[in-house]
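Take a look at the letters that make up each chain.
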Amino acid sequence: MMRATVTLKTGALILVALVAAGCSRGSDVTIPTSPDAGYSGAGGLAGLDGVGTAGLGGGTLPGTSISDRVLFAVDQSTLSAEAIGVLNAQVGWLTQNPGSPVLIEGHADERGTGEYNMALGSSRASAVRNHMVSQGIPDGRISIITYGRERPVATCPEESCFAQNRRAVTVVTGGPGA
Amino acid sequence: MVDRLRRSLAIGVPAALALRPFATAAQAPLRIEITEGVIEPMPFAAPGFVPDGGAATDVAARITQVVIDDLVGTGLFREVPRSAHIARVSSFDAPVAFADWKAINAQALITGAVGVSGDRAQVRFRLWDVFAQAPLGEGLQFDGSTASWRRLAHKVADQVYARLTGETGYFDSRVAFVAASGPKQARRKQIGIMDYDGANPVMLTDGSALVLTPRIAADARRVLFTSYASGAPKVMMLEGGGRARTVISDASGMTFAPRFSPNGARVVYSRSVGTGADLFVSDIGGGGQVQLTRGSSINTAPAFSPDGNRVVFESDRGGTQQLYVMSAAGGEASRISFGDGRYATPVWSPRGDMIAFTKIAGGRFHIGVMRQDGSGEKLLTGSYIDEGPTWAPNGRVLMFFRESPGAGGGPQIYSVDITGRNLRRVPTGGFASDPSWSGLLS
């Protein structure tokens, strides 16, 4: 009868609580410290512990009627003529209100896989930033973030909702009325 | 509190037991083949493992049931229930009444015994080919802590499975996943880890930061994932020794979709670059970074081959998401997907023979497999969203998540074997997605 003396240990992962630490990145921009900190109700997104407005119509820049978002075609990050019109209006306001840092959030609909949607959200935010920079907004004023398909504004399983989720939202952080 | 997860999982190397000499009939070995054809599950019996003393009674019954559940859960075995048993096994070393088991058509018989002393438990078992009236392989004994009784049961079931199928088992393994709660517009997500059957779930993060795509190391000791804890998505790692930490030394930019190399020393991941995303490989800890792709397209969801030499990934460089393979040291990529639709989330089987993927075609998502050169594509599932396959340690079963549509919908984790059979839900407490399957634990 054979009896081995080796004892094998198997480790286990230890529970950790992630500390959400705010940190500045590069320029004077403050990155939101939680996934919802940047929203401040714009677009009617629900917070972690509350229910926001329906927000189907989307939000506006503070104290204006300028739309804070542009929409995209499926799997695309190119800016339509309508999107460029909206962004140019945003650029106008940003130029007149130069103090506030700007965060562009890129989002995607749920009809694609997770990792691709992360990249697509980033691509959309990047396209918006590129346009704003080309219109004179200083590059260092704008930061971008992707949320992939993680933060839809509309949840019905129809194109009417998917289209609203394929968006880039301009968030004015730290400015008046934000 | 933080030690809640730490379990003393010292499992002794199995010891062979002395066997009674039996005449072995010259006959085909008892075997169930995992093939493309229609499977008739093999009937087996597992009378309750005999407890050595009263302290072991409860554990013995529970271990027996987990062994049964593991085997039945594969879809390859059917239990002849206790109510049908003629013989009773009251002693592990008593002679087997083969005629009684043959009479109820139990082709395989598992006998066992369990002993408990203090916080240590010990399981021994034998597997019998009933019609040949002979043992199938050696009797073995496993030792471990009583708290890890499930692992002892999985070890037994892995042995039985291996002997009856000719394949290695997969039951003693862990799965990392995302537990989700709250409204669909603002899900609260946590990284969890559980046994492959959904038992022993533990949360590894507290939900205060959005977390995505956990990827467990083969030995289950570390988990790579994407976290928004610092504000932007970054690849981070949880390990047994301490807190979550970033693994990529270059602090700028958004990184996501990480995976370990097979030996756990490197990580491949995706980083947003301009309007695209590129693949990078670096050492855990950040050094030795190699950029694998360049250009303006989206390259993401990379995964190593089991020998660590190649990477399979998805790219839209050709217009739509397709699968490509390239050397992990850099160079040209070859496309391997050619069907109608979009291909994503590729993962290489631990056996090296197949790549599983998500395919989107005709408005539906499918889990599929193909050979590593792209041939032999076969779709195994389909629904509104079926996504994110992960391989069992033996390369014969996949887990993935399925999401139901609408505001009230949400993800659940399922498993299916590579022939498309035996689709089953993995029980989790609430919404769960993004499963990542470890290797077989030792």
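All values reported here derive from a predicted model rather than from experimental measurement. (Residues numbered from 1 in each chain as written. Chains lettered and ligands numbered in written order. Predicted model: local features only at pLDDT ≥ 70, side-chain atom pairs only at ≥ 80, totals over all residues.)

## Quick word on the overall build of chain A
Under the convention used in this document: Counting from the N terminus, the helices are the DSSP runs of H or I reaching at least four residues and the strands are the DSSP runs of E reaching at least two. Partly exposed residues are those whose C-beta has more than 12 but fewer than 20 other C-beta atoms within 10 Å; 20 or more makes a residue buried and 12 or fewer makes it exposed, with C-beta atoms placed from the backbone. Any pair of residues counts as being in contact when their C-beta atoms, constructed from backbone geometry, are within 7 Å of one another.
Check the secondary structure of chain A and you find three helices and five strands. Seen in sequence order, chain A has helices and strands lined up from the N terminus as β-β-α-β-α-β-α-β. Relative to its 178 residues, chain A shows a buried fraction of 44%. Counting only contacts in chain A whose residues sit at least 6 apart along the sequence, the fraction spanning at least 24 positions is 66%.

## Some details on the nonpolar core
Residue and element names in this part refer to chain B. Note the threshold: We define the nonpolar core as any set of buried residues of the types Ala, Val, Leu, Ile, Met, Phe, Trp, Tyr and Cys, connected via C-beta atoms lying within 7 Å of each other. Note that domain bounds follow an automatic or database assignment of domains.
Formed by 153 residues in total, the largest nonpolar core has its most connected members in Ile-63, Val-67, Val-114, Val-311 and Leu-398. Formed jointly, this core draws a minimum of three residues from each of two domains, domain 1 (2-21 + 40-165) and domain 2 (174-437). Ignoring anything within four residues of it in the chain, the contact list for Val-67 reads Ala-46, Ile-110, Ala-153, Val-156 and Ala-157.

## Looking at the pairing of strand 7 (residues 120-129) of chain B
Residues and elements named next belong to chain B. We apply this condition: Note: two strands are recorded as paired if DSSP finds a minimum of 2 bridges between them.
For strand 7, a buried count of eight out of 10 residues is recorded, marking the element as mostly surrounded by other parts of the structure. As judged from the 10 bridges shared by strand 6 (residues 108-117) and strand 7, these two strands associate in the antiparallel manner. For Val-116, the partnering residue across the bridge sits in strand 7 and is Ala-121. Counted between consecutive antiparallel strands, the loop separating strand 6 from strand 7 contains two residues, among which Gly-118 sits at a positive phi close to 65°. With six bridges connecting them, strand 7 and strand 9 (residues 140-145) associate as antiparallel partners. Of the residues in strand 9, the one forming a bridge with Val-123 is Phe-142. In the sheet, strand 7 pairs with strand 8 (residues 134-135) via two bridges, with the strands oriented antiparallel.

## Description of the domain arrangement of chain B
Residue and element names in this part refer to chain B. We apply this condition: Note on residue classes: Ala, Val, Leu, Ile, Met, Phe, Trp, Tyr, Cys and Pro are nonpolar, Asp, Glu, Lys and Arg are charged, and everything else, Gly too, is polar.
Domains assigned within chain B are domain 1 (2-21 + 40-165) and domain 2 (174-437). For domain 1 and domain 2, the distance between their C-alpha centroids amounts to 35 Å. Of the residues contributing to the side of domain 1 that touches domain 2, the split by class is one nonpolar, three polar and two charged.

## A word on the sheet that holds strand 4 (residues 142-146) of chain A
Residues and elements named next belong to chain A. Just so we agree on the cut-off: Lines fitted to the C-alpha atoms define the axes, with helices restricted to the stretch that makes contact. Angles between their N-to-C directions range from 0 to 180 degrees.
With respect to topology, four strands assemble into an open sheet ordered 2-5-3-4, the strand pairing being mixed. Strands at the two margins of the open sheet, each flanked by one partner only, are strand 2 (69-71) and strand 4. Taking the axes of each pair of neighbouring strands and ignoring which way they run, one obtains an average angle of 15° across the sheet. Bridge analysis of strand 3 (residues 102-106) against strand 4 gives five bridges, and the strand direction is parallel. By the bridge assignment for strand 4, Gly-106 is matched with Thr-146. Set on the sheet, helix 1 (residues 81-96) makes contact with strand 2, strand 3 and strand 5 (167-172); between it and strand 2 the angle comes to about 165°. Its contacts with the sheet place helix 2 (residues 114-134) against strand 2, strand 3, strand 4 and strand 5, and it is angled at close to 160° to strand 4.

## Focus: the environment of Trp-128 of chain B
Position of Trp-128 of chain B relative to the elements: it lies in strand 7. Setting aside residues no more than four positions away along its own chain, Trp-128 of chain B makes contact with Val-96, Ala-108, Leu-109, Pro-135 and Leu-136 of chain B.

## Here we look at the environment of Val-178 of chain B
All names here are of chain B. As for its position among the elements, Val-178 is in strand 10 (residues 174-181). Here Val-178 falls in the buried class, since 27 other C-beta atoms lie within 10 Å of it. Here the alpha-carbon distance between Val-178 and Asp-283, two residues 105 residues apart in the chain, equals 25 Å. The residues contacting Val-178, other than those within four sequence positions of it, are Lys-189, Ile-191, Val-211, Leu-212, Pro-214, Ala-432, Ser-433 and Asp-434.

## Re the sheet that holds strand 24 (residues 333-335) of chain B
Residue and element names in this part refer to chain B. The strand order across the open sheet built from four strands is 21-22-23-24, with neighbouring strands paired in antiparallel fashion. Each edge of the open sheet is held by one strand with a lone partner, namely strand 21 (299-304) and strand 24. Within the sheet, the average angular offset between the axes of one strand and its neighbour, ignoring direction, is 30°. Both strand 21 and strand 22 (residues 310-315) contribute to a ladder of four bridges, which runs antiparallel.

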